[in-house]
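The residues making up each chain are set out below.
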Amino acid sequence: METPEVQKSPLSRRLEAIPPSGIRRFFDLVRSVEGIISLGVGEPDFATPWHIREAGIYALEKGYTMYTPNTGLPQLRKAIARYLEENYGVAYNPETEVLVTVGVSQGMDLAMRAILNPGEEVIIPDPAYVAYAPCALLAGGKPVPIPTTGEEDFRLSHERVARAITPATKALLFGYPANPTGTVMPRRELMALAELVRKHQLIAVSDEIYARLVYEGEHTCFATLPGMKERTILLGGFSKAYAMTGWRLGYACAPQEIIEAMTRVHQYTMMCAPIMAQMAALEAIRNGDAAVKEMALEYNHRRRAIVKGLNAIGLPCPEPQGAFYAFPSIRATGLSSEEFTEKLLMEEKVAVVHGSTFGACGEGYIRCCYAVSLPAIEEALKRMGRFMARYGR
Amino acid sequence: MTEKEKEFLRILEKDPRTTPEKLATMTGSSPQAVEKAIKKAEGEGVIVKYKTVINWEKAGEEQVMALIEVKVTPQRDVGFDAAAERIYRFPQARSVYLVSGTYDLAVLVTGKTMQEVAAFVAEKLSPLESVQGTVTHFLLKRFKEDGDILVGKETTPRLPYTL
């Protein structure tokens, strides 16, 4: 008798739960159009400051091409701990509470894999950075999006979070200043969230990659709030502030038990971050402050220019207080965010990212990255102005 | 000078064509405040002048530059100032610095030809009473000047679209 053929999917069922990135089709479209101005890139337009690049080159010249300890170079971990203490007043033990990762992206993945059991829920703001929900899903968790609105500057309401908490809730995952909205959470609102984290014994995963790019007020490091250091996985990195996106270098700081768990996953998957990138990061954290301030000042100038310009052409945009994104409403056009971006690209050759990529609540908005030169911003605004003259209502 | 006023200056130093309106937008100030601050800075000599950096070689015009080390005898009461003044009054002297080390003044001279620069050194600079000696270094290539890189701009090969 013949054995019946068993239909087996070649892919992991867990992966099947993750929708393909809505951005890929648009990415192909962008590549097919010549002469575009792109506000669609989520990274600095500066190259890494020269002294940092030079440190990377020197590392290679000196033959630093080998593995480092799993948790990262001891001197880099020490420098990260000192930096966090000096800048935000939170003290981590570099031996046991700091892990050097391959960007915040890997830190996020490790955090999710280290803390989640199948089916455990992770509360995530909507809209939020595209990788948050998939990272939770890949680790077997269940992302629970919490709506935020433009009317409330996309701040995460603790009342809504409180209502979403169930016995299965394990973690709260967020990032401020936020990508894509540029929202900075005021300290008192973070305090209210911290209260919930404490009360329900959750773990906060706080993505603070944009911490140095705060233009109004000050950055509040979530781990510094009362009782939060024991319950927070702080994720940070070098990509945005030091213009080091391609070096792929970040770090995670958390209680020893969590860092140990994250290191266990890290040592069997990534092993360690590249040594030359770690050497460059060491130079960045020790001597990169002036360059960070100079770039942040430049972003601030561009921020004001783009916000004023967007409002002037009929795309209402509150002043984003951090990161380098403006998130204007496009509701006046009656177009969906995807239609808007596609038409804008084809008709005026300006690339922006449609808000729905970042979650259902991002619909009706577009993300414009202003980490591009002022003349490019001005030209993009001119083109968008023409577009709005046709589609604005 | 306030921090805001220094911010205006930094922007103008990079691009003197930035209009008061644009400066106001970029810094979150009013155009009136910007204009007032600029006028004040101009009046006080904080803003010396508005300059354009030109790469004359690219414009097809030859220009010879030389850095001249000048050893001078300092004079009673006025030190090196009198000698420096005699030199910086010459239109050929583009920059004049008092420096420490084996010589006293560093003078940057420009001319149309090598002969013109040589003639300036031989006929104008060297015969000055206070000048004890000169060493002339002709500039072969300008890579960076006043903080501006002249040999090609760095561009970042970013993808047009990422998340």
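The structure presented is a predicted model; accordingly, all values stated were derived computationally and were not measured.

Novice: Tell me about the overall build of chain B, and please be specific about residues and values.
Specialist: When helices and strands are tallied, chain B shows 5 helices and 6 strands. In chain B, the succession of α and β elements from N to C terminus is α-α-α-β-α-β-β-α-β-β-β. Against the 2.2 N^0.38 benchmark of 15 Å for 163 residues, chain B shows a C-alpha radius of gyration of 21 Å, more extended than a compact globule. Principal-axis analysis of the C-alpha atoms places the extent of chain B at approximately 60 × 45 × 25 Å.

Novice: Can you break down the environment of Ala 323 of chain A residue by residue, with the values?
Specialist: Residue and element names in this part refer to chain A. Secondary-structure assignment places Ala 323 in the loop between helix H11 (289–312) and strand S9 (325–326). Residue class for Ala 323 comes out buried when judged on its relative accessible area of 0%. C-alpha of Ala 323 to C-alpha of Cys 369: the two residues are 46 residues apart in sequence and 9.1 Å apart in space. Discounting residues that sit within four places of it in the chain, Ala 323 has contacts with Pro 177, Ala 178, Gly 182, Tyr 210, Leu 213, Tyr 215 and Tyr 370.

Novice: Break down the interface of chain A and chain B for me, with residues and values.
Specialist: Taken together, the 35 residues of chain A in the interface contact 17 residues of chain B. In total, about 2100 Å² of surface goes out of reach between chain A and chain B, with carbon and sulfur atoms giving 59% of it. Contact with chain B buries area across many residues of chain A, yet Phe 27, His 301 and Arg 304 of chain A alone supply 25% of it, more than any other trio. Between chain A and chain B we count 2 salt bridges in total. Where Glu 378 of chain A meets Lys 22 of chain B, a salt bridge forms, and the shortest distance between an N and an O atom there is 3.0 Å. Counting every contact that joins chain A to chain B gives 11 residue pairs in polar contact (both at pLDDT 80 or more). Listing elements by their share of the side of chain A that touches chain B, those giving two or more residues are helix H2 (24–32), H11, strand S11 (353–354) and helix H13 (374–391) of chain A. When residues in the side of chain A that touches chain B are grouped by element, the largest group, 7 residues, is from H11 of chain A. Here the side of chain A that touches chain B is built from residues that sort into 20 nonpolar, 7 polar and 8 charged.

Novice: Tell me about helix H12 (residues 337–348) of chain A, and please be specific about residues and values.
Specialist: All names here are of chain A. With 12 residues, H12 should reach 16 Å at 1.5 Å per residue; the first-to-last C-alpha distance of 16 Å fits that figure. Listed as buried for H12 are Ser 337, Phe 340, Thr 341, Leu 344, Leu 345 and Glu 348. End-on, the buried residues of H12 take up no more than an arc of 125°, which puts them together on one face. Against the buried residues of H12 lie H2, strand S10 (350–351), S11, strand S12 (366–369) and H13. Note on H12: the residue one or two positions beyond its end, Lys 349, has a positive phi of about 55°.

Novice: Explain the pairing of strand S3 (residues 121–126) of chain A to me, using residue names and the numbers behind them.
Specialist: Residue and element names in this part refer to chain A. Taken across its 6 residues, S3 has 6 buried, putting it largely inside the fold. Here S3 shows a buried face lined by Glu 121, Ile 123 and Pro 125 and a second buried face lined by Val 122, Ile 124 and Asp 126. The pairing of S3 with strand S4 (residues 142–147) spans 6 bridges and is classified as parallel. Each residue of the ladder has a partner; that of Ile 124, found in S4, is Pro 145. Following the backbone out of S3, through helix H6 (residues 132–138) and into the adjacent parallel S4, one traces a crossover that is right-handed. Pairing of S3 with strand S5 (residues 169–175) involves 3 bridges; the strand directions are parallel. The residue of S5 that forms the bridge with Val 122 is Ala 171.

Novice: So, the sheet that holds strand S8 (residues 250–253) of chain A: which residues are in play, and what are the values?
Specialist: All names here are of chain A. Read across the open sheet, the 7 strands follow the order S2-S8-S7-S6-S5-S3-S4; overall the sheet is mixed. Only two strands of the sheet have a single partner each, and these edge strands are strand S2 (98–101) and S4. Within this sheet the neighbouring strands show an average axis-to-axis angle of 20°, counted without direction. Across 5 bridges, S5 lies against strand S6 (residues 203–207) in parallel orientation. From the neighbouring strand, Leu 173 faces S6, where its bridge partner is Val 205. Running over the sheet, helix H4 (residues 74–88) touches S2, strand S7 (232–237) and S8 and is turned about 115° from S2.

Novice: Give a detailed account of the pairing of S5 of chain A, specifying residues and quantitative values.
Specialist: As a general feature of sheets, a regular strand has side chains that alternate between the two faces. Here S5 of chain A lies mainly inside the structure; 7 of its 7 residues are buried. A crossover links S5 of chain A with its parallel partner S6 of chain A, the connecting element being helix H8 (residues 187–199) of chain A, and its sense is right-handed.

Novice: Mind laying out the sheet that holds S12 of chain A, listing which residues take part and the relevant values?
Specialist: Residues and elements named next belong to chain A. The 3 strands lie next to each other as S9-S12-S11, forming an open sheet whose pairing is antiparallel. Across the chains shown, the open sheet's two edge strands, defined by having one partner strand only, are S9 and S11. Here S11 runs beside S12; their pairing, made up of 2 bridges, is antiparallel. Within S12, the position partnered with His 354 by the bridge is Ile 366.

Novice: Lay out the pattern of salt bridges in plain terms, naming residues and giving numbers.
Specialist: The final tally for this structure, using the stated rule, is 30 salt bridges over all chains. Of the charged contacts in the structure, one is a salt bridge between Glu 216 of chain A and Arg 303 of chain A, with a shortest N-O distance of 2.8 Å. Remark: Arg 303 of chain A occurs in helix H11 and Glu 216 of chain A occurs in the loop between S6 and S7; sequence separation between them is 87 residues. Judged by relative accessible area, which is 31%, Glu 216 of chain A ranks as partly exposed. The class for Arg 303 of chain A is buried, based on a relative accessible area of 0%. In this structure, Lys 382 of chain A and Glu 379 of chain A form a salt bridge, with 3.4 Å as the shortest nitrogen-oxygen distance. Of this pair, Lys 382 of chain A and Glu 379 of chain A both sit in helix H13, 3 residues apart, which is roughly one turn of that helix. Each of Asp 45, Glu 298 and Arg 302 of chain A together with Lys 14 of chain B takes part in one network of salt bridges that share partners.

Cut-offs applied
Residues numbered from 1 in each chain as written. Chains lettered and ligands numbered in written order. Predicted model: local features only at pLDDT ≥ 70, side-chain atom pairs only at ≥ 80, totals over all residues. Heavy atoms only, no water. Helix = DSSP H or I, 4+ residues; strand = E, 2+ residues; numbered from the N terminus. Rg over C-alpha atoms; globule rule 2.2 N^0.38 Å. Buried < 20%, exposed > 50% of the residue type's maximum accessible area, 1.4 Å probe, protein only. Contact = heavy atoms within 4.5 Å. Buried area = accessible area lost by both parts, 1.4 Å probe. Salt bridge = Lys/Arg side-chain N within 4 Å of Asp/Glu carboxyl O. Polar contact = N/O pair within 3.5 Å; in protein donor to acceptor, adjacent residues only side chain to side chain. Nonpolar A, V, L, I, M, F, W, Y, C, P; charged D, E, K, R; others polar. Expected span 1.5 Å × (residues − 1). Arc of directions from axis to C-beta. Pairing = 2+ DSSP bridges. Right-handed = clockwise from strand over helix to strand, strands pointing away. Axes fitted to C-alpha atoms, helices over the stretch in contact; angles between N-to-C directions.

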